[in-house]
Amino acid sequence: MAKAKRPVRKKEKLSKEENLYRSAASLMEAVDCISRFERVVYSLNDAANKFDKLDGYKDSARLGEKCRRDAEEAARKGAQEAYITAVDKLGRAKDKSSFADAAEDFKRAKKFGYNPEECNNNIQICKNGIKRAETKAMLKRQGIVLCVIIILAVVFVNTPFYPLVKGIYYQSRGEYKAAIGLYKKSGGVLVGNGNMKECYYYIAEKYNKEGSYVKALANYKKAKNKFDAVEKAFVIEKKLIAEALPGDIAIYGSGEWVVLSKTKRQALLFAKKDLPKKKFDKDGKSVWYGSSLCNWLNTEFIKEFSPEERSIIAGQGMINEKDREIISILDKVQYEKYKDIIKGTNKSYWLKDSGSSDGNVCYVKEDASISEAPSDEDNISVRSSLWVVFG
């Protein structure tokens, strides 16, 4: 005997008011799982605002008022507890991080109006404590460095360790350029390379504060992944591109680019220098999308850019059904439009367009004229292009 089919339960259809009511109630109930009082306050106020929109639906008015009372009580108790915790932390603080931790709790209490004057006084005490801790640590480092220099200067004066230790000494005095020169002489022994990046970072910071953004960017690039150098370099890159005019040179990623065109939000960049010579397509095909060069630019060459830099490169097409074309090369129309801006390199380079013969692809010759060559020709260079969204 065939089993009787179970009746299918229809999905409950809720009204707009009921949906909003349940959403507000869920927010109200969820606060029991939240540890930080600030989030409790925000969640309860959000729930109250939702109940207000229901205009008397069910018991929304009562629940909205309850949410506000509970939010006020959570803010009062939370700020008081944060203040008490901060006082305790301040009493036990000895180093920079513990003073900073206490200051953060005083700020939390102050934000919700608990003893604001006392909070301000204690925050200043924390700042003074941080300064004392930093000064003490700096003096300690300088003392250690000086001792190490004296010892190693005698023993290792003719080894790579001597310029390394001397570089550490100069770095501790803030003489970063001198320190870099010494680290280079040491050949990167032990911590030399990491310290050199740190020196480049502080040089970049100085230039950045002075408004010398090109110099700052160059040094942030040399600092590589030290501290927040990548993020700060990215900010300056966008700023300089936004200010550039067609024909100007912009630094982006690991290279220099000619600005070919600008809109209010985007700029078309064209590589100033050639990439290594590559075949347009190793299988002899003449279609750009899916070619080995297109794939290489968008899988390997794209790694030259940081995640932040990649995030604002605009897609120019689809390589296949799922992968976008981010890095490209010029086509004939673009080349003819911008050839007066493009600076020659006395090297030929590929264009996107298929040639008139099967398997041929267009390229720019050394004399700036356009010709054709088989797509598996391996003696033609690559000059990449990309659109950057800076605004």
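Everything numeric here is computed off the predicted structure, so don't read it as measured data. (Residues numbered from 1 in each chain as written. Predicted model: local features only at pLDDT ≥ 70, side-chain atom pairs only at ≥ 80, totals over all residues. Heavy atoms only, no water.)

**Student:** Explain the sheet that holds strand β8 (residues 349-354) to me, and be specific about the residues and the numbers.
**Tutor:** Taking strand neighbours across the sheet as the criterion, the 3 strands line up as β8-β9-β10 in an open arrangement whose pairing is antiparallel. With one partner strand each, in any of the chains shown, β8 and β10 (370-374) form the two edges of the open sheet. Each strand axis lies, on average, 40° off the axis of its neighbour in the sheet, ignoring direction. Note: strand β9 (residues 360-364) against β10, 5 bridges, orientation antiparallel. When the sheet's bridge partners are listed, N360 is paired in β10 with P374. (Pairing = 2+ DSSP bridges. Helix = DSSP H or I, 4+ residues; strand = E, 2+ residues; numbered from the N terminus. Axes fitted to C-alpha atoms, helices over the stretch in contact; angles between N-to-C directions.)

**Student:** Can you break down the packing of helix α6 (residues 161-172) against helix α7 (residues 176-186) residue by residue, with the values?
**Tutor:** Contact pair α6 / α7: the axes reach a minimum separation of 8 Å and the direction vectors enclose 165°. The angle between the axes of α6 and α7 places the two elements in the roughly antiparallel class. The handedness of the crossing between α6 and α7 comes out as left-handed. Seen from α6, the contacting residues are P163, L164, K166, G167, I168, Y170 and Q171; seen from α7, they are Y176, A178, A179, L182, Y183, K185 and S186. For the contact of α6 with α7, the residue count by class is 9 nonpolar, 3 polar and 2 charged. (Parallel < 35°, antiparallel > 145°, perpendicular 65-115°, else oblique. Left-handed = near helix turned anticlockwise from the far one by under 90°. Contact = heavy atoms within 4.5 Å. Nonpolar A, V, L, I, M, F, W, Y, C, P; charged D, E, K, R; others polar.)

**Student:** Residues and numbers for the pairing of strand β2 (residues 255-262), please.
**Tutor:** Taken together, the 4 bridges between strand β1 (residues 249-252) and β2 define a ladder with antiparallel strand orientation. Bridging from a neighbouring strand, I251 pairs with E256 of β2. Hairpin geometry of β1 and β2 is characterised by an intervening segment of 2 residues between the two adjacent antiparallel strands and by a positive phi of about 65° at G253. Note that β2 and strand β3 (residues 266-271) share 5 bridges and pair antiparallel. Across the sheet, the residue bridging to K262 is A267, located in β3. As consecutive antiparallel partners, β2 and β3 are separated by 3 residues.

**Student:** A description of the nonpolar core should follow, citing residues and the corresponding values.
**Tutor:** If you look at the biggest cluster of nonpolar residues, it comprises 34 residues, and the most contacted ones within it are Y252, L269, L297, F305, I327 and W350. Of all the secondary-structure elements, those providing two or more residues to this core are α10 (229-243), β1, β2, β3, α11 (292-299), β9 and β11 (384-389). Setting aside chain neighbours within four positions, we find L269 in contact with I241, Y252, W257, V258, V259, S384, S385, L386 and V388. Among the nonpolar cores identified, the runner-up in size contains 32 residues, and V40, L44, A75 and A82 belong to it. (Core = buried A, V, L, I, M, F, W, Y, C linked by side-chain atoms within 4.5 Å. Buried < 20%, exposed > 50% of the residue type's maximum accessible area, 1.4 Å probe, protein only.)

**Student:** Quick rundown of a positive patch on the surface? Include the residues and the values.
**Tutor:** A cluster of like positive charges, contributed by K107, K110, K127 and K131, occupies part of the molecular surface. Residue assignment for the positive patch shows that the elements contributing at least two residues are α4 (96-111) and α5 (116-155). Following the sequence through the fold, K110 ends up in helix α4. Judged by relative accessible area, K110 falls into the partly exposed class, the value being 36%. (Patch = residues over 30% accessible without salt bridge, like charges linked within 9 Å, V, L, I, M, F, W, Y side chains within 5 Å. Areas by Shrake-Rupley, 256 points an atom, 1.4 Å probe, with all protein chains shown as cover. Salt bridge = Lys/Arg side-chain N within 4 Å of Asp/Glu carboxyl O. Lys, Arg positive; Asp, Glu negative; His and termini not counted. Charge placed at Lys NZ, Arg CZ, Asp CG, Glu CD.)

**Student:** Run through the packing of helix α8 (residues 192-210) against helix α9 (residues 213-223), naming residues and quoting values.
**Tutor:** One can describe the packing of α8 onto α9 by two numbers: an axis separation of 8 Å at closest approach and a directional angle of 160°. Overall, the two elements α8 and α9 adopt an arrangement that is roughly antiparallel. Crossing angle aside, the handedness with which α8 passes α9 is left-handed. Contact residues: α8 offers K197, Y200, Y201, I203, A204, E205, Y207 and N208, while α9 offers Y213, K215, A216, N219, Y220, K222 and A223. In terms of residue class, the contact of α8 with α9 is built from 9 nonpolar, 2 polar and 4 charged.

**Student:** Requested: an account of the pattern of salt bridges, with residues and values cited.
**Tutor:** This model, assessed by the stated rule, comprises 25 salt bridges. Across the salt bridge formed by E73 and R76, the nearest N and O atoms sit 2.6 Å from each other. With a gap of 3 residues between them, E73 and R76 both fall in helix α3 (residues 60-92), about one helical turn apart. With its nearest N and O atoms 2.8 Å apart, the salt bridge here joins E309 to K221. With E309 in helix α12 (residues 307-311) and K221 in helix α9, this residue pair connects regions lying 88 residues apart in the sequence. Salt bridges sharing partners connect three or more residues here, namely R36, E38, K89, D101, D105 and R108.

**Student:** Please set out the packing of aromatic side chains residue by residue, giving values where relevant.
**Tutor:** Across all of its chains, the model carries 20 aromatic pairs by this definition. With a centroid separation of 6.0 Å and 50° between ring planes, the pair formed by Y202 and F227 is classed as tilted. Remark: F227 occurs in the loop between α9 and α10 and Y202 occurs in helix α8; sequence separation between them is 25 residues. An angle of 70° between the planes, with centres 6.3 Å apart, marks the rings of W350 and Y363 as edge-to-face. Highlighted residues: W350 in strand β8 and Y363 in strand β9, separated in sequence by 13 residues. Summarising the burial analysis for this pair, W350 and Y363 share the class buried. Joined through ring pairs, the aromatic side chains of Y176, Y201, Y202, Y220 and F227 make up one cluster. (Phe/Tyr/Trp six-rings, centres within 6.5 Å; stacked < 30°, edge-to-face > 60°.)

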